[in-house]
Amino acid sequence: GATVALLLLSTAGLATGTALLWNEQAQTKTAFESAQANLELALQALDQIYIDEAEGYPKIREGLPSDLLQKGLGFYEKFVEANARNKGLVFLMGVAYQRAGLIFRELGEEERAVESFKGAISAYDRALEIDPRSAAARSNRGSALRELGRFEEALAAYDWARENYPRSAAAHS
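Source: prediction; values computed, not measured.

Asker: Help me understand the overall build of the protein in this model?
Answerer: Within the protein, the secondary structure is distributed over eight helices and zero strands. Along the protein, helices and strands appear, N-terminal first, in the series α-α-α-α-α-α-α-α. Per-residue burial for the protein yields a buried fraction of 32% across its 173 residues. For the protein, contacts bridging at least 24 residues in sequence account for 59% of all contacts bridging at least 6. Surface accessibility of the protein: about 10500 Å² in total, with carbon and sulfur atoms responsible for 57%.

Right, here's the structure in full:
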């Protein structure tokens, strides 16, 4: 009887522990998804600034302090450092750097643009360390290289993506 009682208690303890672990895992996943959604919203805001600039709104060009972009990139960097093994977040960091580079170029700040494009390439390289077969990371890396005038390297990145993923839109962009 004691053995049966001990076995029942052990089973109940194991079931309780498993349920608590699943609950904790679900909460962690929800928190991560929320953080990733927040990063994507911030990236959309950066995108909107670039779209407005690209469409030629002078108020953006005159009133946008470039330090604001640097602060935004700092946010991305800290977020990615905290989640360094997440390919999606590292990739988004590259996208953020690349878009910031385009904005800096529009604002006439070529040094900052070049540094941002280099940051994009570094982020895409990190994403490729995590997933060497990412067509989007290779293609975007090629775009950042193109912005720096490194055309042969850009073509190699585009060619790899196209050859390995002929059906991928990112590979043909």
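We are not done yet, so read on.
Asker: I tried to follow the packing of aromatic side chains on my own but got confused; where do I start?
Answerer: Here a ring pair, both rings aromatic, is described through the centre-centre distance and the interplanar angle of the planes. Counting across every chain of the model gives two aromatic pairs. When the ring of F91 is compared with that of Y124, the centres are 5.7 Å apart and the planes differ by 45°; the resulting orientation is tilted. Pair noted here: F91 is in helix α4 (residues 87–106) and Y124 is in helix α5 (residues 110–130), with a separation of 33 residues, a long-range link. Note on W160 and Y165: the rings are 6.1 Å apart at their centroids and 55° apart in plane angle, and the pair reads as tilted.

Asker: How should the side chain of N140 be read in this particular structure?
Answerer: Structurally, N140 can be placed in helix α6 (residues 135–147). Within the structure, the side chain of N140 is placed 3.3 Å from the side chain of Y124, a separation counted as a polar contact. Among residues more than four places away in sequence, those in contact with N140 are F91, V95, Q98 and Y124.

Asker: Please clarify how the packing of α6 against helix α7 (residues 151–164) should be interpreted in this entry.
Answerer: For any two helices packed against each other, one specifies the crossing angle of their axes together with the interaxial distance. Where α6 contacts α7, the axes come no closer than 8 Å and their chain directions differ by 160°. When the interaxial angle is binned, α6 and α7 end up roughly antiparallel. As α6 packs across α7, the resulting crossing turns out to be left-handed. The segment α6 lies against α7, with A135, R138, S139, G142, S143, L145 and R146 engaging F151, E153, A154, A157, Y158, W160 and A161. Split by residue class, the contact of α6 with α7 holds eight nonpolar, three polar and three charged.

Asker: Can you walk me through α6 in this structure?
Answerer: Residue pairs three or four apart in sequence face the same way in an α-helix, which turns once every 3.6 residues. Taking 1.5 Å as the rise per residue, α6 with 13 residues should run 18 Å; its terminal C-alpha atoms sit 19 Å apart, in good agreement. Among all positions of α6, only A135, A137, S139, N140, R141, G142, S143, A144 and L145 are buried. Residue G149 follows α6 closely and has a positive phi angle near 80°.

Conventions used here
- Residues numbered from 1 in each chain as written.
- Predicted model: local features only at pLDDT ≥ 70, side-chain atom pairs only at ≥ 80, totals over all residues.
- Heavy atoms only, no water.
- Helix = DSSP H or I, 4+ residues; strand = E, 2+ residues; numbered from the N terminus.
- Buried < 20%, exposed > 50% of the residue type's maximum accessible area, 1.4 Å probe, protein only.
- Contact = heavy atoms within 4.5 Å.
- Areas by Shrake-Rupley, 256 points an atom, 1.4 Å probe, with all protein chains shown as cover.
- Phe/Tyr/Trp six-rings, centres within 6.5 Å; stacked < 30°, edge-to-face > 60°.
- Polar contact = N/O pair within 3.5 Å; in protein donor to acceptor, adjacent residues only side chain to side chain.
- Axes fitted to C-alpha atoms, helices over the stretch in contact; angles between N-to-C directions.
- Parallel < 35°, antiparallel > 145°, perpendicular 65-115°, else oblique.
- Left-handed = near helix turned anticlockwise from the far one by under 90°.
- Nonpolar A, V, L, I, M, F, W, Y, C, P; charged D, E, K, R; others polar.
- Expected span 1.5 Å × (residues − 1).

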